[in-house]
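Structural characterization, general
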Amino acid sequence: MGPHPAVAAIRLAVRRVLHDVITECSESESPESPDIERFRPTATGADRAAAPPPADRRPLVLVACSGGADSMALASALAFEARKLPVRAGAVTVDHGLQPGSDLRAAEVVSRLAAMRLDPVESVAVTVGRDGGPEAAARDARYAALDAAAERHGAAAVLLGHTRDDQAETVLLGLARGSGTRSLSGMAPVSGATGRYRRPFLQLDRQTARKACLVQSIPVWDDPHNADPAYTRSRLRHEGLPALEKALGKGVVEALARTAQLSRDDADALDAWAADAESAVRDDTGQLECAKLYALPPAVRRRVLRRAAVVAGAPAGSLFARHIEEVDRLITGWRGQGAINLPGRVEAQRQGGRLVIRQG
C-alpha cells in the first residue's frame, strides 16, 4: 500500500525540483576540471589514518521552515526524497522576534527538523524594520537571513512552501494595487539570485499540505499573525477569497493561479522585447531619444523607462507604476514640464529631445 495521496503529491513535487537542482549542478561543473580524488595517490597505513575524509560534493538544498503546515510538509518531503538522491538536505527557520516566546518556538522547530535527519539545521534571529509596512519589512528581513544562510552553507537552492492559495492571494493583492502584468504574474517557481529560491507547491493547495502533516502525525504551528485582521493578506485570506468563492463559485483560487502563469508568460515576452528595443532607442552617446521611445508600444516603452530608472539607481522595489507613468508623460504628453523625482534620488528630465535619467 502506497502513501496517502496528499503525501504522495508533496513528495512528487519536491522530487521534481530536486532532479532539476541536481541536473543544473552537474551541468555547471566544468568537464575540463580534473577529478582530484581520481588522481590522488592511494594512502596506506598511517597516511590513511591521517588523511581527511573526502569532501561531500553532493549539492545542498535547504528548506525555509516556519513550523507551519506548508513548510513542515515541505521539510518532511525533502527529508524523504533526499535520502534516495545524490543531494544533501538541511533547513533554516527564521525567528522574526515579533511575538513573545518566538525564540522558544524557533528552537522547537529546529528540534523537529533535526529529528527528520536534516543537516544542517539552524535558527536565525532577525530584527524587523519598518520600511514598507510590517508585512514587507518582515519579508525583507526573512529573505536577507535566508540569503545569508544559503551563502554560509554553500546551498544550491532554498525551498519555499508557498502554495497555490498563496499564489491566488498574491495576484489579488496585485490587482488591488493596480499593478501591471509582472505583478499579476505572482510568485515564480524559480526566483532569486542564480535561481536560488524554488517553490515546489505552487500547483498544490494549502489543504493538501495540511493533510500531509496530519496523516504523518507531524506537529504544526499556526502563526496567529495569519489570522490577524490587522494584516492585509490575512483579511484577504479569511474574508476576501471566501466572499469571492461565495459570489462566483468554487474554482476562484485555481483561476487566479492560472492567471498568474498566463501573466508571467506575457510579462517575460514583453521584458525580452524591451531589452532588445532599449539599444535601438539610444543615440550614439547612449541617451534615450524621445521620438524613438514614442514609437514603441506603451507596454514596451514603460519597461524601457523602468529599466533605465533602475540602472540610474532607483530601487526596483520602490519604483511603482505611478512613477513610470509620470516619466512616460515626458514622452507622450510633453508640455515643458520639469524634472520628475523618482525613488533613490533619481531624476528624469527631457532635454533637447532626449530623456535624461540620472541621480540628482
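Relevant structure appears above.
None of the values given here were measured: they were computed from a predicted structure.

Put simply, Asp119 and Pro120 share a cis peptide bond, and its omega is 5°. Looking at the element boundaries, Pro120 is found in the loop between α5 (102–115) and β3 (121–125). Phi at Arg117 takes a positive value of approximately 70°, unusual for a residue other than glycine. With respect to the helices, strands and loops of the structure, Arg117 is situated in the loop between α5 and β3. One non-glycine residue, Arg345, adopts positive backbone phi at about 60°. Among the secondary structure elements, Arg345 is positioned in the loop between β8 (340–342) and β9 (346–351). Assessed through its relative accessible area of 59%, Arg345 is described here as exposed.

Turning our eyes to something else, we now look at the side chain of Ser263. Tracing the sequence through the fold places Ser263 in helix α11 (residues 252–280). What makes Ser263 buried here is its relative accessible area of 10%. Ser263 has contacts with Thr181, Leu184 and Ser185, leaving out every residue within four places of it along the chain.

Pairing is mixed across the open sheet formed by six strands, whose spatial order is β3-β2-β1-β4-β6-β5. The sheet is open, and its two edges are formed by β3 and β5 (190–191), each paired on a single side. Both strand β2 (residues 88–95) and β3 contribute to a ladder of five bridges, which runs parallel. By the bridge assignment for β3, Val92 is matched with Glu122.

Let us now look at the sheet that holds β9. Spatially, four strands are ordered β7-β10-β9-β8 in an open sheet, and the strand pairing comes out antiparallel. Looking at which strands have only one partner, the edges of the open sheet turn out to be β7 (288–289) and β8. In this sheet, β9 lies alongside β8 in antiparallel orientation, the contact comprising three bridges. Counted as the bridge partner of Leu342 is Val346 from β9. In the packing of helix α13 (residues 298–312) onto the sheet, the strands contacted are β7, β8, β9 and β10 (354–359), and the crossing angle to β10 comes to about 35°.

As for its placement among the helices and strands, His96 is situated in the loop between β2 and α5. Note on His96: relative accessible area 18%, which makes it buried. In this structure the side chain of His96 is engaged in a polar contact, spanning 3.0 Å, whose partner is the side chain of Arg142. Not counting the four nearest positions on each side in its chain, His96 is found in contact with Val126, Val128, Ala138 and Arg142.

Bringing the packing of helix α4 (residues 69–82) against helix α9 (residues 206–215) into the picture now. Orientation of α4 relative to α9, taken along the N-to-C sense of each, is 60°, at an axis distance of 8 Å. Looking at the two axes, α4 sits oblique to α9. The way α4 lies across α9 gives a crossing that is left-handed. Facing Ala69, Asp70, Met72 and Ala73 of α4, the residues of α9 in contact are Arg206, Ala209, Arg210, Ala212 and Cys213. A class-by-class count of the residues in the contact of α4 with α9 yields six nonpolar, no polar and three charged.

Moving on, we come to the pattern of salt bridges. The full count for this structure, using the stated rule, is 25 salt bridges. A salt bridge links Asp147 to Arg196, with the shortest nitrogen-to-oxygen separation between them at 2.9 Å. You can see Asp147 sitting in helix α6 (residues 134–153) and its partner Arg196 sitting in the loop between β5 and β6 (197–198), a full 49 residues away along the chain. For Asp166, the salt bridge is made with Arg237, and the minimal N-O distance between the two is 3.4 Å. Of this pair, Asp166 sits in helix α7 (residues 164–176) while Arg237 sits in helix α10 (residues 232–248), and the two are 71 residues apart along the sequence. Here the salt bridges share partners, and the residues they tie into one network are Asp166, Glu169, Arg206, Arg233 and Arg237.

Right, let's get into α4. Its 14 residues place the ends of α4 20 Å apart at the C-alpha level, agreeing with the 20 Å of an ideal helix rising 1.5 Å per residue. Of all 14 residues in α4, 13 are buried, a share of seventy percent or more.

Reading the values: rules and limits
- Residues numbered from 1 in each chain as written.
- Predicted model: local features only at pLDDT ≥ 70, side-chain atom pairs only at ≥ 80, totals over all residues.
- Heavy atoms only, no water.
- Helix = DSSP H or I, 4+ residues; strand = E, 2+ residues; numbered from the N terminus.
- Buried < 20%, exposed > 50% of the residue type's maximum accessible area, 1.4 Å probe, protein only.
- Contact = heavy atoms within 4.5 Å.
- Pairing = 2+ DSSP bridges.
- Axes fitted to C-alpha atoms, helices over the stretch in contact; angles between N-to-C directions.
- Polar contact = N/O pair within 3.5 Å; in protein donor to acceptor, adjacent residues only side chain to side chain.
- Parallel < 35°, antiparallel > 145°, perpendicular 65-115°, else oblique.
- Left-handed = near helix turned anticlockwise from the far one by under 90°.
- Nonpolar A, V, L, I, M, F, W, Y, C, P; charged D, E, K, R; others polar.
- Salt bridge = Lys/Arg side-chain N within 4 Å of Asp/Glu carboxyl O.
- Expected span 1.5 Å × (residues − 1).

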